[in-house]
Amino acid sequence: MPLAPILAPSLLAGDHAHLAASARTAADAGPAWLHCDIMDGHFVPNLTFGPETLAALRRAGSKQFLDTHLMLAEPQKYVEAFAKAGANLLSIHLEPAYDHRGTLARIRQLGCQCGIVLNPGTPAAGIERLLDLVDLVLVMTVQPGFGGQPFRRDMLPKLRQLDGWRRDRGLKFRLEVDGGIDLATARECRAAGADTFVAGTSFFKAADQTAFAAAFAAL
Ligand code: DX5
Ligand code: ZN
């Protein structure tokens, strides 16, 4: 049985002068998850927000499951701050050189779920040895750094490969996609094994966000 689909609206596409209001808009549409993109200007050529923003969202009443995507060259230095700020899941990229295994263990020790992320150019083989340690694998379907980019259909075989390993080994991690996701591209990803869908631009531009979320729930 495939895992039930989860939509994680991405706050990156919200109103950065009113992030708490954007988080509320996402929650009011139905999804329990909120995707928070953290960029450091080194691992990716852009900057967003930090742990204080997550803490402020909590103070403003957000009860969402904060799915926190760390696009950082040195994520190990920040996992504690994000856990204290109220993150529920911390995902770290495979590409930079640091102790991936130790950082995943530390995230768990801090009481959060942990995820590992692959850029489009990174083959799935690189995380094979980590699959039994994670709650989520995030397959980037764009080069990270910016919202609003076109979906990379050439990532579908990577999803099929990871879904196959998950099934063969009886593993339970969620398989998430991020970048260029709308209902049509989500359907293709769902057919390839994905169960968790980040949507920034398409969610915040949707005329009826409740209907949009309902369509994802039925994927
Ligand atoms: C991109 C971020 C994404 C971004 C997706 O680096 O990781 O989460 O918000 O935006 P859309 O859905 O607009 O492609
Ligand atoms: Zn993201």
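Quick note: structure is the one above.
Residues numbered from 1 in each chain as written. Chains lettered and ligands numbered in written order. Predicted model: local features only at pLDDT ≥ 70, side-chain atom pairs only at ≥ 80, totals over all residues. Heavy atoms only, no water.

Looking at the site of ligand 1
- Near ligand 1 lie 20 residues; those nearest to it are S10, D37, G145, D178 and T201.
- The separation between an oxygen atom of ligand 1 and a polar main-chain atom of G145 is 2.7 Å.
- G148 places a polar main-chain atom, nitrogen or oxygen, 2.9 Å from an oxygen atom of ligand 1.
- For ligand 1, whose free accessible area comes to 380 Å², the fraction covered by protein is 98%.
- Among the elements of the structure, strand 2 (33-39), strand 3 (65-71) and strand 8 (196-199) are those that each provide at least two residues to the shell around ligand 1.
- Take the shell around ligand 1: its biggest share by element is three residues, from strand 2.
- Among the residues making up the shell around ligand 1, the classes are represented as eight nonpolar, ten polar and two charged. (Near = heavy atom within 4 Å. Polar contact = N/O pair within 3.5 Å; in protein donor to acceptor, adjacent residues only side chain to side chain. Areas by Shrake-Rupley, 256 points an atom, 1.4 Å probe, with all protein chains shown as cover. Helix = DSSP H or I, 4+ residues; strand = E, 2+ residues; numbered from the N terminus. Nonpolar A, V, L, I, M, F, W, Y, C, P; charged D, E, K, R; others polar.)

Focus: the pattern of salt bridges
- One pass over the full model with this rule turns up twelve salt bridges.
- Of the charged contacts, one joins E128 and R169 as a salt bridge, the two residues approaching to 2.5 Å between their closest N and O atoms. With E128 in the loop between strand 5 (113-118) and strand 6 (136-140) and R169 in helix 5 (residues 156-169), the pair connects residues that are 41 residues apart, well separated along the chain.
- The salt bridge involving D195 is made with R166; its shortest N-O contact spans 2.8 Å. Separated by 29 residues along the polypeptide, D195 in the loop between helix 6 (183-191) and strand 8 and R166 in helix 5 bring together distant segments of the chain.
- Within this structure, D163, R166, R167, R174 and D195 form a network of salt bridges that share partners. (Salt bridge = Lys/Arg side-chain N within 4 Å of Asp/Glu carboxyl O.)

Considerations on the coordination of the zinc ion (ligand 2)
- Protein coordination at the zinc ion (ligand 2): the donors are H35 (NE2), D37 (OD), H69 (ND1) and D178 (OD), at 2.0 to 2.3 Å from the metal.
- Viewed at the metal, the six donor atoms of the zinc ion (ligand 2) are separated by angles of 70 to 168°, and the geometry they form is octahedral. (Donors = N, O, S within 2.8 Å, 3.2 Å for Na, K, Ca; no water. Tetrahedral: all angles 85-135°; square planar, octahedral: opposite > 155°, others 65-115°.)

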